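So you can see what is in the structure, the chains are spelled out below.
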Amino acid sequence: MKPHWFFILLSVSAAPRYGTAIQDDVRELSGGGVRLWPATLYGSLEELVEQGWLEEVADDERPAGISGRERFYRITRPGRLALEREAARLESLAGVARQRLALGGA
Amino acid sequence: MSWTRVYRLALHLLPTGLRRKHGPAMEAAFARELGRARAGGRLPATLAAAAGLWDVVRRGAYEQVRPAHGAAGERRDRPWQERWSIDAHGPHAAGANPGGPTMPQPTPRALVLRHAASFAVAFAALTASLLALFASRQVPALSARGASAGTVAEALLLAVPFISAMTIPMAVLVAVLREFTRLRADGTLAAARRERDGLRRLVVPVLAGAAGVGAWRSS
């Protein structure tokens, strides 16, 4: 999974969000390490929708108190599974890293 | 010309579907990023604008090569391919050419537009890469001599024509190679070979366009 896909899925995993809210959240989640510029952000959102991992929230299902024209996105079940798989992979990789660091000493 | 206007123009490098759906939101997000960077001064704002533009160029190139999925994956080239695809074994063969492999007439305009789009992406990508290389060498030297952000930006802008003289022929080559590879892949080239004057109809508009670009560059 592409790193920015992971961060986008992570950002919408708890609640539906719109473009710039995802952008800000990803920057915060990554400690400023991942900066999603607009073309990458909206292009990736389209790709994730095509992939079936995200879906657009219909107008009548928008979060309460939100008006305006922003398109909200929420994670789908396949998206959640993909995110869980990727999180497990990263977790196991981190475990291997910790083991090897422990073996190396110093 | 303001950065937001340049950005709006650059968005034409993206597929029409993506631009129509998200163009205004992208512009707004770019303006927001630019506004934040401006708080830090002129150089951060210029760097943010360059990063935003580079993002569009990169995404435009990526969108050209990535496979489309489903209805949402509307691609700029899809209607053209559907109109002109004449592969006898392809998905459109039965409906498009029930009487056999006769060649539809690709208009010279459609061919030149396809090449122009590929040329624009290749030119922007090559120029941006060489400009970045130039900047990585010259900016530290200029900054060490105490040049202001404006002077550095001016030096970079003045390098663009010099770099373009190199990147235009390269971009023409890349565009022609790419488009003819695609013509071959969708069967248009094979069908053109079977037709009298088929190849000539494909090659002449492209040669004329390339000659036009060459003449413009020389002038």
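Participant: Just give me the short version of the overall build of chain B, but keep the residues and values in it.
Facilitator: A tally of helices and strands in chain B yields nine helices and zero strands. With 219 residues in all, chain B has 35% of them scored as buried. Of the contacts made within chain B by residues no fewer than 6 positions apart, 67% connect residues no fewer than 24 positions apart. Put simply, chain B shows about 12,200 Å² of open surface, and 65% of that area lies on carbon and sulfur atoms.

Participant: Go over helix H7 (residues 149-185) of chain B, please, and point to the residues and values.
Facilitator: A maximum bend of about 40° is found in H7 of chain B at Ser164 of chain B. Looking at the residues trailing H7 of chain B, positive phi occurs at Gly187 of chain B, about 90°.

Participant: Explain the environment of Ala135 of chain B to me, and be specific about the residues and the numbers.
Facilitator: Residues and elements named next belong to chain B. Note on placement: Ala135 falls in helix H6 (residues 108-144). Relative accessible area serves as the criterion here: at 18%, Ala135 is assigned to the buried category. Between the C-alpha atom of Ala135 and that of Val152, which follows or precedes it by 17 residues, the distance is 8.9 Å. Sequence-distant contacts of Ala135, defined by excluding residues within four places in its chain, comprise Pro140 and Leu156.

Participant: A description of the packing of H7 of chain B against helix H9 (residues 198-218) of chain B should follow, citing residues and the corresponding values.
Facilitator: Residues and elements named next belong to chain B. At a minimum axis separation of 10 Å, H7 and H9 run at an interaxial angle of 170°. Here H7 lies roughly antiparallel to H9, going by the angle between them. Residues Ala165, Ile168, Pro169, Val172, Val176, Phe180 and Leu183 of H7 lie in contact with H9, whose contacting residues are Leu202, Val203, Val206, Ala210, Val213, Trp216 and Arg217. Among the residues making up the contact of H7 with H9, the classes are represented as 13 nonpolar, no polar and one charged.

Participant: Can you tell me about the nonpolar core, naming the residues and giving the values?
Facilitator: Counting 38 residues, the largest nonpolar core has Ile8, Leu45 and Leu54 of chain A together with Met26 and Val56 of chain B as the members making the most contacts within it. A total of six residues in this core trace back to one element, the largest contributor, which is helix H1 (residues 3-12) of chain A. Apart from residues no more than four positions distant in its own chain, Ile8 of chain A is found in contact with Ile22, Val26, Leu36, Leu41, Ser44, Leu45, Leu48 and Leu54 of chain A. Phe180, Leu183, Leu189 and Ala192 of chain B belong to the second-largest nonpolar core, a separate cluster that totals seven residues.

Participant: Provide a residue-level description of H6 of chain B, including the pertinent values.
Facilitator: Given 3.6 residues per turn, any residue in an α-helix points the same way as the ones three and four places further on. Residue and element names in this part refer to chain B. Look at H6: 52 Å from first C-alpha to last across 37 residues, which is about the 54 Å you get at 1.5 Å a residue. Where H6 bends most, the angle comes to about 30°, and this point is Gln138, followed within four residues by the proline Pro140. Listed in full, the buried residues belonging to H6 are Ala110, Leu111, Arg114, His115, Ser118, Phe119, Val121, Ala122, Ala124, Thr127 and Ala135. Positive backbone phi, at 85°, marks Gly146, one or two positions downstream of H6.

Participant: Before we move on, could you go through the pairing of strand S3 (residues 72-75) of chain A and cite the residues and values that matter?
Facilitator: All names here are of chain A. Bridging between strand S1 (residues 17-18) and S3 involves two bridges; their strand directions are antiparallel. Among the inter-strand pairings, Arg17 is bridged to a residue of S3, identified as Tyr73. Of the pairings in the sheet, the one linking strand S2 (residues 54-56) to S3 comprises three bridges and is antiparallel in character. Residue Leu54 lies in a different strand from S3, and its bridge partner there is Ile75.

Participant: So what about the interface of chain A and chain B? Which residues, and what values?
Facilitator: Of the residues lining the interface, 19 residues belong to chain A; the matching set on chain B comes to 25 residues. Between chain A and chain B, a total of about 2,000 Å² is buried, with carbon and sulfur atoms accounting for 51% of that surface. Taken as a group, Trp37, Tyr42 and Glu50 of chain A account for 32% of the area that chain A buries against chain B, more than any other trio of residues on that side. At the junction of chain A with chain B, the criterion picks out seven salt bridges. One salt bridge in this structure joins Glu33 of chain B and Arg27 of chain A, with 2.8 Å as the shortest N-O distance.

Procedures and definitions
- Residues numbered from 1 in each chain as written.
- Chains lettered and ligands numbered in written order.
- Predicted model: local features only at pLDDT ≥ 70, side-chain atom pairs only at ≥ 80, totals over all residues.
- Heavy atoms only, no water.
- Helix = DSSP H or I, 4+ residues; strand = E, 2+ residues; numbered from the N terminus.
- Buried < 20%, exposed > 50% of the residue type's maximum accessible area, 1.4 Å probe, protein only.
- Contact = heavy atoms within 4.5 Å.
- Areas by Shrake-Rupley, 256 points an atom, 1.4 Å probe, with all protein chains shown as cover.
- Bend = angle between axes of the 7 residues up to and from the residue.
- Axes fitted to C-alpha atoms, helices over the stretch in contact; angles between N-to-C directions.
- Parallel < 35°, antiparallel > 145°, perpendicular 65-115°, else oblique.
- Nonpolar A, V, L, I, M, F, W, Y, C, P; charged D, E, K, R; others polar.
- Core = buried A, V, L, I, M, F, W, Y, C linked by side-chain atoms within 4.5 Å.
- Expected span 1.5 Å × (residues − 1).
- Pairing = 2+ DSSP bridges.
- Buried area = accessible area lost by both parts, 1.4 Å probe.
- Salt bridge = Lys/Arg side-chain N within 4 Å of Asp/Glu carboxyl O.

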